[in-house]
Amino acid sequence: MSRFSKLACVALIGALGATSALAAGKGAAPAANPAFEGLGRAATPAEIRAWDIDVRPDFKGLPKGQGSVEQGQDVWEAKCATCHGTFGESNEVFTPIVGGTTADDIKTGHVKNLQPGSSFPQRTTLMKVATLSTLWDYINRAMPWTAPKSLKTDEVYAVLAYILNLGEIVPADFVLSDANIAEVQKRMPNRNGMTTDHGLWPGKGIGTGKPDVKAVACMSNCKTEVKIGSTLPDYAETAHGNLAEQNRTIGATRGKDINAAKGQPAAAAEKPSANAQAHQLAQASGCTACHGLTNKVVGPGFNEVAAKYKGKGDAEGKLVAKVKQGGAGVWGQIPMPPQSLKDEEIKSLVQWILSGAPAK
Amino acid sequence: MSEHPTRPEGAGQRLGKVRPAPEGFLSQDDIAAVKAGRRDFLRGSFSAAVAAMGAGAAGFSGLARAAEEGDSAILTLPPWSTSLGQGVAARPYGLPSQYEKGLIRRESPGLTRVSGSSVAFTPLQGLFGIITPSGLHFERHHQGWQDIDPSRHRLMINGSDPSMVKRPKVYTMDDILRMPPVSRIHFIECGANTGMEWGNVAVPTVQYSHGMLSCSEFTGVPLRWILEDCGADLKKGKYILAEGADGSSMTRTIPMELVLSDEVLVAYGQNGEMLRPENGYPLRLVVPGVQGVSWVKWLRRIEVGDQPYASKDEAVHYIDLMPNGQHRQYTSTQEAKSVITSPSGGQMLLDKGFYNVTGLAWSGRGKVKKVDVSFDGGINWKEARLEGPVHSKALSRFNIGWVWDGKPAILQSRVTDETGYVQPSYGQLRAVRGTKSIYHNNAIQSWKVAESGEVSNVQVL
């Protein structure tokens, strides 16, 4: 057999293998190895170490290390407090991390504020989370918000120790480490607060496999009265923009004109104003991920920037340079990266910010 | 001009549907006219159209005559019939018509405070069939979206310990695109879809109440084939962990049973092209029937293990608070659900008469078996027509004709899936799960039609 026909034969067998597997659908793999011969390569130990960063509830995957509450406070104030508040209590950017748990919860492992009759307004992270590994894993892989994976292992321990201290789960002189983390797990306020008694896991390992709510498809005279439990509040109707502009302008229906309902003249489709265009540019360029129009997010609000620089000599030039080159230190330690926008775009953004950053 | 004595009944209504620019608005006068009686309203609006045209083209003496003789859209040739159109590739990547600009992804104000960790909803009120255009696919990111260089993207397969995967491997996109692919149509729904409505009505339209829902044809490789290529122990490994390459490097636990069913795909294709960056370009996991958060985007790693992982999105978020204070953990399946997409909240019916009531139904447990529709708030139901083919764990489109008599009505839809599960009412769902669950709200949706033709969101218990 010539080399060519041998190759052709192999290719044919390969093709048949793949075809029959596809035709068979579920349950049929393409002819097992060597079907994917030549595809992929062995992962090196260093590659696996670099990416396999998950930590399980039994702490498998947790690297050795330690951090004190005090060290954690330093990291927290530099890198976390802008979003989460000095005491993890802030509700400005994200929901609070700390609050709502008690010494009694630490004893029982059930957070009382989750139970019927509680008037506690919100669910904080410490009220919900049952597994300490979750917090270590998440801080390590995703925090800080604008610079994920930048914390050193000991810093992750330290930040977590600080959070646990804010929740009064560990004392102020505590040093959290891989050696004692399992002991701290036993003090998590909501460690007994999870249940898998439900039918919403699509496998055998967890839960009951059976739906919890059973309805019947009755077809006629199914009830004697129609009880309306809730209708749309006025503020909710008008909070979502003009519904007339969110529907097609042909067909069986039109969107409701919210402005008409409010007694204002119907808004004709207009060209967006210069302010609206600048606002759009700020959104499209990712500026508003860190700067609110009127509130601090990660960086200062545009209103704060305007207030600080207004009337100062060459405020525009200074800010244009800042946007281009990036900066840090004026508003906090979190740096703003250099922005790659056209010069005239940066100029229009800066002028808009200095004018008070109106949304429209 | 407001009198048309020679026109037969009905003709005015057809002409009246030619509405004056700007399209799509009912002015206060129009609304008052609708309330006073539909025929007058429509006749008035026709007159207004003529008047508007008269003002805009002063001196054109044919106008008045045209209005008497018929529709100016016919009698006066429009510019597109009397000019040269644009050349090919004027827009090398096609865009919707300028008249469709209202149907876009939108955020719900006040839902989240940071756009990088927010939601943009699909405009279900204006879509047809079952496929969501890729540019309108809903968005949910946990730490912003990235546009990843595919030549530098890698997929790693390894085990929670060496015995789980004999040959931990790394694949490039070149490798994955060389594997034999499958293409399948599936829905993806965020576990928090309709979550704002657990306690009471909170949003005006179906875009915000149900728009964390999309359906696409996905192309990719069954994950099992790749795990077998790595010598994974598919018996000892009862779970997999999927991990993203973005800043959040989101992780979720998925049961091996789903992988063994060959339904779980390592996907790169969406509706015939590559995934959009917002949807995970160049690689995402497709986990049919399971809430969207498990369909890890920008997929970089799969770990095979023998325990669930309690990741942030299965231990802090995506846990469902029950009335007794316990949180349900590892709730993944999206149970059967349906919604009428038109007529729906925030829309106005323009007239009495025939309407096609249309909507979507789906189940995370398999195929939709039937959809029933009620026009009286759930006292009586009629089976709607399902548009085929019906795919497993995909959206199904239903349609049913309805003649509106101008009286108040409450429209509902109710799906039954192939397992026999029937979509519950709010009363039935809350009796078991309370109102603080946030996730997995699949209650029957009700749209109230008022005499004015206005459709609004209400909850029937």
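Residues numbered from 1 in each chain as written. Chains lettered and ligands numbered in written order. Predicted model: local features only at pLDDT ≥ 70, side-chain atom pairs only at ≥ 80, totals over all residues. Heavy atoms only, no water.

All names here are of chain B. Strand order across the open sheet formed by 4 strands is β15-β17-β21-β20, with antiparallel pairing between neighbours. The open sheet has two free edges, formed respectively by β15 (337-342) and β20 (385-386), since each of these has just one partner strand. The pairing of strand β17 (residues 353-362) with strand β21 (residues 396-404) spans 9 bridges and is antiparallel. Among the inter-strand pairings, Tyr 355 is bridged to a residue of β21, identified as Trp 402. (Pairing = 2+ DSSP bridges. Helix = DSSP H or I, 4+ residues; strand = E, 2+ residues; numbered from the N terminus.)

Turning to helix α13 (residues 302-309) of chain A, a few remarks are in order. Residues and elements named next belong to chain A. Among the residues of α13, those classed as buried are Phe 302, Val 305, Ala 306 and Tyr 309. Viewed along the axis of α13, the buried residues span an arc of 100°, placing them on a single side of the element. Just beyond α13, the residue with positive phi is Gly 311, at close to 80°. (Buried < 20%, exposed > 50% of the residue type's maximum accessible area, 1.4 Å probe, protein only. Arc of directions from axis to C-beta.)

A few words on the sheet that holds strand β13 (residues 320-321) of chain B. Sheet strands pair via backbone hydrogen bonds, and the direction of the pair is either parallel or antiparallel. Taken together, 3 strands build an open sheet; the order of strands is β4(A)-β14(B)-β13(B) and the sheet is mixed. At either end of the open sheet lies a strand with only one pairing partner, and these are β4 (194-195) of chain A together with β13 of chain B. The sheet contact formed by β13 of chain B and strand β14 (residues 327-328) of chain B spans 2 bridges and is antiparallel. Opposite Leu 321 of chain B, over in β14 of chain B, you have His 327 of chain B as the bridge partner.

Residue and element names in this part refer to chain A. Summed over the entire model, instances satisfying the criterion amount to 1 disulfide over all chains. Disulfide pairing is shown between Cys 218 and Cys 222; the S-S distance is 2.1 Å. The S-S bond linking Cys 218 to Cys 222 shows a torsion near -100°; that makes this disulfide left-handed. What makes Cys 218 partly exposed here is its relative accessible area of 27%. Here Cys 80 is not disulfide-linked; the sulfur of Cys 83 is the nearest cysteine sulfur, at 8.9 Å. (Disulfide = S-S within 2.5 Å.)

Now for the pattern of salt bridges. Evaluation of the coordinates by the stated rule reveals 33 salt bridges over all chains. Taking the shortest distance from any N to any O, the salt bridge between Glu 100 of chain B and Arg 248 of chain A comes out at 2.8 Å. Taken together, the residues span two chains, with Glu 100 of chain B in the loop between α5 (72-75) and β1 (119-120) and Arg 248 of chain A in the loop between α10 (234-238) and β6 (253-255). Classification of Arg 248 of chain A by relative accessible area gives buried; the value is 17%. Here Lys 312 of chain B ties to Asp 313 of chain B by a salt bridge, and the two come within 3.2 Å at their closest N and O atoms. (Salt bridge = Lys/Arg side-chain N within 4 Å of Asp/Glu carboxyl O.)

Our next topic: helix α10 (residues 426-433) of chain B. Residue and element names in this part refer to chain B. Burial in α10 covers these residues: Tyr 426, Leu 429, Arg 430 and Arg 433. Down the axis, α10 shows its buried residues gathered within 95° of arc, on one side only. Against the buried residues of α10 lie β13, β14 and β24 (455-460). Once α10 ends, the next one or two residues include Gly 434, with phi positive near 70°. (Contact = heavy atoms within 4.5 Å.)

With that settled, the discussion passes to the confidence of the model for chain A. Residue and element names in this part refer to chain A. Looking at chain A as a whole, the pLDDT averages 85, with 86% of positions reaching at least 70. Predicted confidence for residues 1-28 stays below pLDDT 50, and this span has 18 contacts to residues more than four positions away or in other chains. Here residues 265-269 scores under 50 on pLDDT; set against residues more than four positions off or in separate chains, the count is 8 contacts. (pLDDT = per-residue confidence, 0-100.)

Another point: the packing of aromatic side chains. Applying the stated criterion across every chain yields a total of 12 aromatic pairs over all chains. Between Phe 94 of chain A and Trp 145 of chain A, the aromatic rings sit 5.0 Å apart at their centres with planes inclined by 65°, giving edge-to-face as the arrangement. Within this pair, whereas Phe 94 of chain A is found in the loop between α4 (81-84) and α5 (103-108), its partner Trp 145 of chain A is found in the loop between α7 (132-142) and α8 (153-166), the two being separated by 51 residues in sequence. Taking the relative accessible area as the measure of exposure, Phe 94 of chain A reaches 18% and is therefore buried. By the ring-pair criterion, three or more aromatic residues cluster together here, those being Trp 201 of chain A together with Tyr 239 and Tyr 330 of chain B. The aromatic ring of Tyr 421 of chain B is capped on one face by Arg 365 of chain B, whose charged end is 5.6 Å from the ring centroid. (Phe/Tyr/Trp six-rings, centres within 6.5 Å; stacked < 30°, edge-to-face > 60°. Lys NZ or Arg CZ within 6 Å of the ring centre and 35° of its normal.)

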